[in-house]
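Residue-level structure breakdown
Spelled out from the first residue to the last, the chains are:
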Amino acid sequence: MKGDSLSSMEKQRRIPVIIRAPDPISREGVIAQLRPLPEVDLMDQAALDGEGVAILLAESIDCSVLSQLRTLVRSEGLHPVLVITTIREAELLDVIESGVDAIVWRHEANGSRLLRAVTTAFRGGGDLPSDLLSQLMSQIKMSRPGAVGDSLARAGNLTPREIDVLRLIAEGMDTGEISEKLSYSERTIKNIMQGITMRMNLRNRAHAVAYAMREGYLS
């Protein structure tokens, strides 16, 4: 009984993950990378109860991929990790605004890289390759005037505490790491981020970091 209890407790600490792929070979490839990892609990959609992470594989971005990402976030309440071969710069803002929590290049999607993305997404963080973050900044700079900037006039400037949190997110830290760094509780960090995104009318953490860079809060 004691052994069964410990096994149950260990399972509760694992991150529930479902995989959506365009073909069986791609799906089995991701499963093979994740199955040996004790931090991950691979599940079928029907067995998923509550919060979890969804890994979505795709070659490129199209309307179907964006629709799937929005459904995962808004209808199913999951944290999406997008594993993708290519993203054009003009598509990146649409991807971020769909609610994706992490993006992994398909050629980098080994077990350790996927685990980092899954863990960060599950903890409410954001994980973008550095080259995509640069592209996102460029894309937001070229977006129509007022799309984000008007929010600043309505809501006021970012506070020093908010800037500290965004700076650490830009450095790749997740909620737990930011909590330790700034000596705040994880709940406080999540509340700070929720306040930023709601007040500035931003979609998620990646969008918030790009906005802060655009407005000169982060160098």
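1. Examining the environment of proline 38
Of note, proline 38 is situated in the loop between helix H2 (24–34) and strand S2 (40–42). You can call proline 38 exposed: its relative accessible area is 61%. Note: C-alpha distance between proline 38 and isoleucine 15 (23 residues apart in sequence) is 9.3 Å.

2. A short note on the packing of aromatic side chains
Counted by the stated rule, this structure contains zero aromatic pairs. Between the NZ or CZ atom of arginine 161 and the centre of the ring of tyrosine 184, over which it lies, the distance is 5.4 Å.

3. Observations concerning the packing of helix H8 (residues 160–170) against helix H11 (residues 205–214)
Between H8 and H11, the least distance of the axes is 10 Å, while the angle of their chain directions is 110°. Of the possible angle classes, the one that applies to H8 and H11 is roughly perpendicular. For H8 against H11, the interelement crossing comes out left-handed. Seen from H8, the contacting residues are Leu166, Ile169 and Ala170; seen from H11, they are Arg205, Ala208, Val209, Ala212 and Met213.

Procedures and definitions
Residues numbered from 1 in each chain as written. Predicted model: local features only at pLDDT ≥ 70, side-chain atom pairs only at ≥ 80, totals over all residues. Heavy atoms only, no water. Helix = DSSP H or I, 4+ residues; strand = E, 2+ residues; numbered from the N terminus. Buried < 20%, exposed > 50% of the residue type's maximum accessible area, 1.4 Å probe, protein only. Phe/Tyr/Trp six-rings, centres within 6.5 Å; stacked < 30°, edge-to-face > 60°. Lys NZ or Arg CZ within 6 Å of the ring centre and 35° of its normal. Axes fitted to C-alpha atoms, helices over the stretch in contact; angles between N-to-C directions. Parallel < 35°, antiparallel > 145°, perpendicular 65-115°, else oblique. Left-handed = near helix turned anticlockwise from the far one by under 90°. Contact = heavy atoms within 4.5 Å.

This is a description of form; function is not addressed.
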